[in-house]
Amino acid sequence: MLNGSEPKLTWKAALAETIPQDMAEEIDAFETQMALRRQGKMEEKVFAEIRLRRGAYGQRYDNGLRHDGEKSQKIPYPHLELTKGPNTKWEAPGMQRIKVPFGGLTAVQMEALADVAEEYADAILHVTTRQDFQIHFLSLEDTPDMHRRLAAVGITVKEACGNVVRNVTACHLAGVCRDETFDVTGYADATAQYLMGHRDTQDFGRKFKTAFSGCKHHACGLTSMHDLGLIAKTRVVDGVEQRGFEMYVGGGLGAVPHLAKLFDDFVPAEELLPLAQAISRVFARLGEKKNRNRARIKFLVADLGIDEFKRLVLEERATLENDPDWTDWLANLSVFEEAALPEPVSGEAFDLGEEFEKWKSTNVYQQRQPGFVTVTVALPLGDITSRQMRGLADISRRFNRDTARTTVEQNIVLRWIHESDLPALYLALKELNLHSPGAQTIVDITACPGTDTCKLGIASSRGLAGALRQRLAVKGWQYDEAVKDIRIKISGCFNSCGQHTIAEIGFYGASRTIKNYRVPHFHLILGGQWDQNAANYGQSLGAVPSKRVPDVVERLIDLYMAGRQPGEGFRNYVTRVGKKEIKERIKDLTEVPAYEVDRSFYTDWADAREYTIGDIGVGECAGEVVTLTDFGVAAAERLHFEAQVLLDESQGNGNIKKAADMALQSMLSAAQALVKMQNIDIKDDPERIVSEFRSRFYDTQLFFDPFVHGKFANFFFKAYEQRHEPFDYDKARQLMEEARLFIEAAHDTNGRMLAAGITNPLSFNRWLLERNAV
């Protein structure tokens, strides 16, 4: 009670019985880490990586500056000295990425997403090319409660960003595709759950992306552009069909795209997870850590060669202890089997005319199950409002059984729709303005956030995509069989977030200076292959002015329509005619009129300012490389802080011993973090941690303070020896101080190791040999 009023009900209290305990503890820990950072008790680079691993990104202008077209102006955030990462202001609006493994959504989850977007952000949900959701313009202070509300409906943000395994994607038609080998849904989910938070996936130099496809021929899985790509496959052994996967490794887009290499033409389902674990361990051990531009696994595979990489992985696989979690899930694959409503919602047949028929021709897929279809809800720019999402949740309840999925082309599909319900469904979507035709056609343009919100954006990818969509839709090309399947994809910079490399026609943002004026441009990429799981990457024909891009696309399509041979696709046409000839045919569209003649070329799409690159910041796509030891010591500080709070509140409630136990746990966490420099596989066994810390850091004097020598380590040994003894308040308070000194000494030791270039067991052993030689 406070002044006679009821205490305010918090989301933490309201959802305490709803959120799974492990998720609740992770959110509580993040809230504590936020408090430590606000108090200056956690390094900003460590907090930044922790924040990223909770999906909380920075956003354009979060360095406190915005260019007005002439010069950068300061944004008057109230507490400019408080940061949430290097050069990232605490109070600056940010972005939240939300993981959706294989894109699967229920109606309840749709409603929760709509609620948090409306209450904490700008009421817009953005579907990404990894089947995630992103919401923008939210305060970091709101993230813990937002995470709780999502966790209450089974949605996690854990490891949505950072140098970890990102969202595991899968074909949105898995289970209903006419051409699939088998349904990959359960396999994708098992991989996502197993690798998320796994100890062997916490020490990567960069992010790691995984994708599943049910077949080789279509584009839904895009396995060729992933760090780990898996294509469903079967074989017959002793008369019994065995499920497995064609496994690929080392793919990736970015500034330097690599096609994935075949690791094995058949990996049995029972070996899926142990091999993924072994690959993770090799990547963590041998992958680049210092130069983040070469830290993706594609560079490791290229440097070693696929044969040597495979040898190392299989060698690592042979050393792994058996884990029941590798295969226990195989017995439960049936939980991912879907079913339709027993009867159609509407038995009424009525004619809606040409508009409906056009929508039906582009947005409806005939499932392999007779009488049922999958409907694509086309989302221009990947955006859906909170109001629309709530309405879509109602539609999902009405027309199917929670069988919605996001797609890598930034749309949402509703599966298991009775074909006879299509007219009624179309009218329901129309009421929400979600009835746009042209899904998965030339007008369904993929675009990354670009200069709207991304700190790395060079040109307005979303502004261009919107203008281009309108231009092409007017021509009706989405219905023309000759060109409808051409894909256009746009990135705001060279980093390929818009997947421009795999499109038949791709663009990425660039800047050019014309007579001392900046002009937004886009590189034109031709020759990419969208189908067959993104089997080929396109190449640049040079840059064209941003405002000329719609003219360039129209010219390209006209050239193709006029010069193609019977049955010749756009990519084959480009290959036959040659990029040199095509470049010559669009040369006139690369010219920029003088500033005095047409100033529109000197502004970007949907931006009235004179074009500038002054707003480009430092990206957080992977975060700074933070060692496992950094994380462990940060965890120790959090536990110590929570122990102090518990002790301060312990008077009369019997929590003194609990606070003392937590203080010891903080010391164990710091000790374990240091041991990981030499033994990355150290378990959470207190006896083992104490023993290995003693032999590796105390007996070698590596932990010794220059003035008090082994005193702080002895605090740790004494605390562990006395762990079963009773504690009063004074004894617990003394332990708090000793734990603080021990953790601080761990910080110093870690700092000395980092200064010596020691970040992992290999570099530690090298350093130790050099020291002993001296």
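As a reminder, the structure under discussion sits directly above these lines.
For clarity, every value in this text was computed on a predicted model and none was experimentally measured.

Some details on the sheet that holds strand S21 (residues 488-491)
Paired through their backbone hydrogen bonds, the strands of a sheet run either parallel or antiparallel.
Right, on to step 1. Taken in spatial order, the 5 strands of this open sheet run S20-S21-S22-S23-S24, and their pairing is mixed. Looking at the sheet topology across the chains shown, the edges are occupied by strand S20 (446-447) and strand S24 (539-545).
Right, on to step 2. Taken together, the 4 bridges between S21 and strand S22 (residues 505-514) define a ladder with parallel strand orientation. For Ser491, the partnering residue across the bridge sits in S22 and is Tyr508.
Right, on to step 3. Across the face of the sheet, helix H13 (residues 461-475) comes into contact with S20, S21 and strand S23 (517-526) while running at roughly 160 degrees to S21.

So, the side chain of Thr406
Right, on to step 1. Along the chain, Thr406 falls in strand S18 (residues 404-406).
Right, on to step 2. The exposure class of Thr406 is buried, given its relative accessible area of 0%.
Right, on to step 3. If we skip the residues at most four places from it in the chain, Thr406 touches Gly103, Leu105, Val127, Gln131, Phe133, His172, Asn411 and Ile412.

Here's the deal with the pattern of salt bridges
Right, on to step 1. Applying the stated rule across the entire model yields 55 salt bridges.
Right, on to step 2. Salt-bridge contacts for Arg296 lead to Asp227; the nearest nitrogen and oxygen are separated by 2.8 Å. Residue Arg296 is located in the loop between helix H7 (272-286) and helix H8 (297-304), and its partner Asp227 is located in the loop between strand S11 (210-213) and strand S12 (228-237); the two are separated by 69 residues in the primary sequence.
Right, on to step 3. We classify Asp227 as buried; its relative accessible area is 0%.
Right, on to step 4. A salt bridge links Glu315 to Arg311, with the nearest nitrogen and oxygen atoms 3.1 Å apart. With a gap of 4 residues between them, Glu315 and Arg311 both fall in helix H9 (residues 306-319), about one helical turn apart.
Right, on to step 5. Judged by its relative accessible area of 42%, Arg311 falls in the partly exposed class.
Right, on to step 6. Among the charged side chains, a network of salt bridges with common partners joins Arg199, Asp200, Arg281, Arg285, Glu316 and Asp681.

Description of the environment of Ser396
Right, on to step 1. Residue position: Ser396 is located in helix H11 (residues 386-399).
Right, on to step 2. Judged by its relative accessible area of 0%, Ser396 is buried.
Right, on to step 3. Apart from residues no more than four positions distant in its own chain, Ser396 is found in contact with Met110, Arg401, Asp402, Thr403 and Leu414.

What to know about the packing of aromatic side chains
Right, on to step 1. Scanning all chains against the criterion turns up 32 aromatic pairs.
Right, on to step 2. Arranged with centres 5.0 Å apart and planes meeting at 55 degrees, the rings of Trp359 and Tyr426 form a pair that is tilted. Here Trp359 is found in helix H10 (residues 353-363), whereas its partner Tyr426 is found in helix H12 (residues 422-431), with 67 residues between them in sequence. One exposure class covers both Trp359 and Tyr426, and it is buried.
Right, on to step 3. Where Tyr698 meets Phe704, the ring centres are 5.3 Å apart and the plane angle is 55 degrees; that geometry is what we call tilted.
Right, on to step 4. Taken together, the ring pairs connect Phe693, Phe697, Tyr698, Phe703, Phe704, Phe716, Phe717 and Phe742 into an aromatic cluster.
Right, on to step 5. Across from the ring centre of Trp605, 5.3 Å away, lies the NZ or CZ of Lys547, which sits over that ring.

Thoughts on the pairing of S12
Right, on to step 1. Here S11 runs beside S12; their pairing, made up of 4 bridges, is parallel. Bridging from a neighbouring strand, Thr210 pairs with Leu228 of S12.
Right, on to step 2. Where S12 lies against strand S13 (residues 240-249), 10 bridges are found, and the strand directions are antiparallel. Residue pairing for S13: Val236 is matched across the bridge by Glu241.

Details of the nonpolar core
Right, on to step 1. Counting 45 residues, the largest nonpolar core has Phe133, Val375, Leu392, Ile412, Leu425 and Leu429 as its most contacted members.
Right, on to step 2. For this core, the element with the most residues is helix H4 (residues 107-120), which contributes 7 residues.
Right, on to step 3. Ignoring any residue separated from it by four or fewer positions in sequence, one finds Leu429 in contact with Trp359, Val375, Val377, Leu392, Ile395, Leu434 and His435.

Some words on the sheet that holds strand S15 (residues 364-366)
Right, on to step 1. Read across the open sheet, the 5 strands follow the order S7-S18-S19-S16-S15; overall the sheet is antiparallel. One side of each edge strand has no neighbouring strand; the edge strands of this open sheet are strand S7 (104-105) and S15.
Right, on to step 2. Pairing geometry for S18 and strand S19 (residues 412-418), over 3 bridges, is antiparallel. Residue pairing in the sheet places Arg405 in a bridge with Val413 of S19.

Calculation criteria
- The numbers attached to residues start from 1 for each chain and follow its sequence in the written order.
- Two thresholds apply to this predicted model, a pLDDT of at least 70 for residue-level local features and 80 or more for giving and counting side-chain atom pairs, whereas whole-chain, interface and lining totals are computed over all residues.
- Only hydrogens and water are set aside when side-chain values are computed; all heavy atoms of the structure are taken into account.
- The rule for pairing is simple: two strands pair if DSSP sees at least two bridges between them.
- Elements are defined by DSSP. Helices are runs of H or I of four residues or more, strands are runs of E of two residues or more, and each kind is numbered from the N terminus.
- By the convention used here, residues are in contact when the closest approach between their heavy atoms is within 4.5 Å.
- To obtain each axis, a line is fitted to C-alpha atoms, and for helices this fit is confined to the stretch in contact; angles are then taken between N-to-C directions over 0 to 180 degrees.
- Remark: exposure states derive from per-residue accessible area (1.4 Å probe, protein chains only) relative to the maximum for the residue type, with buried under 20%, exposed over 50%, and partly exposed in between.
- Salt bridge, as used here, is a side-chain nitrogen of Lys or Arg placed within 4 Å of a carboxyl oxygen of Asp or Glu.
- For this analysis, a ring pair means two rings from Phe, Tyr or Trp (six-membered ring only for Trp) whose centres lie within 6.5 Å, classed as stacked if their planes differ by under 30 degrees, edge-to-face if by over 60, and tilted for the remaining angles.
- Consider the ring centre and the ring normal. A charge sits over the ring if Lys NZ or Arg CZ is within 6 Å of that centre and within 35 degrees of that normal.
- What we call a nonpolar core is a set of buried Ala, Val, Leu, Ile, Met, Phe, Trp, Tyr and Cys residues that are connected through their side-chain atoms within 4.5 Å.

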